[in-house]
Each structure stands twice: as C-alpha cells, then as structure tokens.
Amino acid sequence: MLRLKLSTVWMALGLTITLLFTGCADSNYDPTKDWSIDKLYNEAKDEMTAGAYDKAIGMYEKLEGRAAGTLLAQQAQLDKAWAQYKTNEPVQAVATLDRFIKLNPASPALDYALYLKGLVNFNDNLGLFSSWTDQDLAERDPKQAKESFEAFRELLIRFPDSKYSVDARLRMAFIKNSLARSDVHVARFYYQRGAYVAAINRAQTTVQEYRDVPAVEEALFIMVQSYDKLGLNQLRDDTKRVLETSYPNTVFLYPERLAAKKSWWKFWQ
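Now for a look at the structure at hand.

Cut-offs and rules
Residues numbered from 1 in each chain as written. Predicted model: local features only at pLDDT ≥ 70, side-chain atom pairs only at ≥ 80, totals over all residues. Heavy atoms only, no water. Salt bridge = Lys/Arg side-chain N within 4 Å of Asp/Glu carboxyl O. Helix = DSSP H or I, 4+ residues; strand = E, 2+ residues; numbered from the N terminus. Buried < 20%, exposed > 50% of the residue type's maximum accessible area, 1.4 Å probe, protein only. Lys, Arg positive; Asp, Glu negative; His and termini not counted. Contact = heavy atoms within 4.5 Å.

## Things to note about the pattern of salt bridges
Here is step 1 of the chain: Within this structure, the stated rule accounts for 13 salt bridges.
Here is step 2 of the chain: Across the pair Glu 150 and Arg 153 runs a salt bridge whose closest N-O atoms are separated by 2.8 Å. Separated by 3 residues within a single helix, Glu 150 and Arg 153 lie in helix α9 (residues 143-158), roughly one turn from each other.
Here is step 3 of the chain: According to the relative accessible area criterion, Glu 150 is partly exposed, its value standing at 39%.
Here is step 4 of the chain: We classify Arg 153 as partly exposed; its relative accessible area is 36%.
Here is step 5 of the chain: For Glu 154, the salt bridge identified is with Arg 158, shortest N-O distance 2.9 Å. Of this pair, Glu 154 and Arg 158 both sit in helix α9, 4 residues apart, which is roughly one turn of that helix.
Here is step 6 of the chain: We classify Glu 154 as partly exposed; its relative accessible area is 31%.
Here is step 7 of the chain: In the salt-bridge network here, residues are joined through shared partners; they are Glu 64, Lys 80 and Arg 99.

Structure below.
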C-alpha cells in the first residue's frame, strides 16, 4: 500500500516537472526563427500599419540583429523609432534615432532621421487648444521644444534641399515663437509679483534672442511697465518709442484699439 502511494507521488512529481519544462520551452519559442529577413520586415510593417506598435517594435529589434550592416537594418531602426514615437515613448525613440545617426553618418535616410528626431520632441497639442484652456506650449517646460528646434536646425544646415525642410522651417517658426512666449510668460509672472528687475531681464531676453516673433510686442510692453514701476522714466520712454515704432497698431499701449476692431453688433466676437 505504501509502495503504491510512493509511486503515485513520483508520477505526479514527474508530470509536474514535464509540464514545467514544456512551459519553459513554449515561452522561449520564436515563431519568426526560420523567417527570411524580408518576411520579418514585411510582417513588422503589417503590424505597424495595423497599429500593433509593440509587436512591430519587437520584430524590428530582431531584424536589426539578423540583417546587421544592411540597408534593411537601417530601415528597421527608423521604423522602430517611429513605432516608439507612436506609443508615446519619446525617450526611447530619441535614443534609437541618436544611435542611428551615430552609426550611419552617410545613410541616405539621415535627413529623415533628423526630421523624425525633431518631430518626436515637437508637441503642439496644447497650443491648438490654448483658446479654450488658457494654457499653451509657452507655459510648459521648454526643454523638449529646444531639442526639437535643434534637430530641425541641424536638418536645414546639413540638408537644406531635403523634402522635409519646408515642414521643418514651419515647425521651427512655431517653436521659436513658443519659446519667446515662454520667456514672456515668466516675465509676466515676475511683473505681477513686483519683481520688476527680473521681469525686465526676462523680457530683454525675448527681445534680444527672438527679434522677429509676435511675442516681442508683449515683452517690450512688460519692459515699459516695469521701468515705469521703478521710476526709470527715460528707459520707459525709450522702450515705449521702440514698441510704437515696431508695432504701430499695438493694443498693449492702446487697448481701446482692440475694442474698436470689433463691430458693436457682432456681440459674439
């Protein structure tokens, strides 16, 4: 009787071990093991088209190893970066692109890599809804915007005739004004709290670094107000003349002009 029970225990233990090994074997099974690199790339591309970015990323990583040193491996890196971007993984996407740029300095897709790097860090979502939320890109940490600007700038310097250059210039203009508005936002914050010297310094940064953007108008006005609060009348008047000359229709000095632009019967404006 005892012998029967022991044999039963050993059988159960053996079955358990078998199942464990089978499970491990199944978990390590790679269905792509015998695929050609072309099939692997096409399957990864299909997964990305279907929106299965996580699956696509895994396949592209395998392809990078199997097709190392080929143009297909380069394409896999770029596609992987795009998939990481689409899954809201900007840090991983930028790391992938930096690695691509470092390892493939002569790649025919280098301009695209730089463009994509700028695009990953470019985010205008809040800017699109600023009229509703009273917040925009200018009120956020400008670090990503600056990194995006630098990537686009490098693209234009190295590949001025790239097919991505037109869009890059437009995005740079947007970023430049957003960065200027970021400085104005800080200057306004200082002014509202009575830190007039700090407000002047921050507004001057906007005027000096971003001469040709709309945000300069308010920067000059903050300087006029701050000089006035400090009793620096000569500097106030000089800055006011610059503001009036540069922006003859400014509504900061003459707010009544804004009201005049709206017809009385268009009460929804």
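## Notes on the side chain of Glu 47
Here is step 1 of the chain: Along the polypeptide, Glu 47 turns up in helix α2 (residues 37-49).
Here is step 2 of the chain: Despite its burial, Glu 47 remains without a salt bridge, the nearest opposite charge being carried by Lys 55 at 4.8 Å.
Here is step 3 of the chain: Look past the residues within four positions of Glu 47 in its chain and what remains in contact with it is Ala 52, Lys 55, Ala 56 and Met 59.

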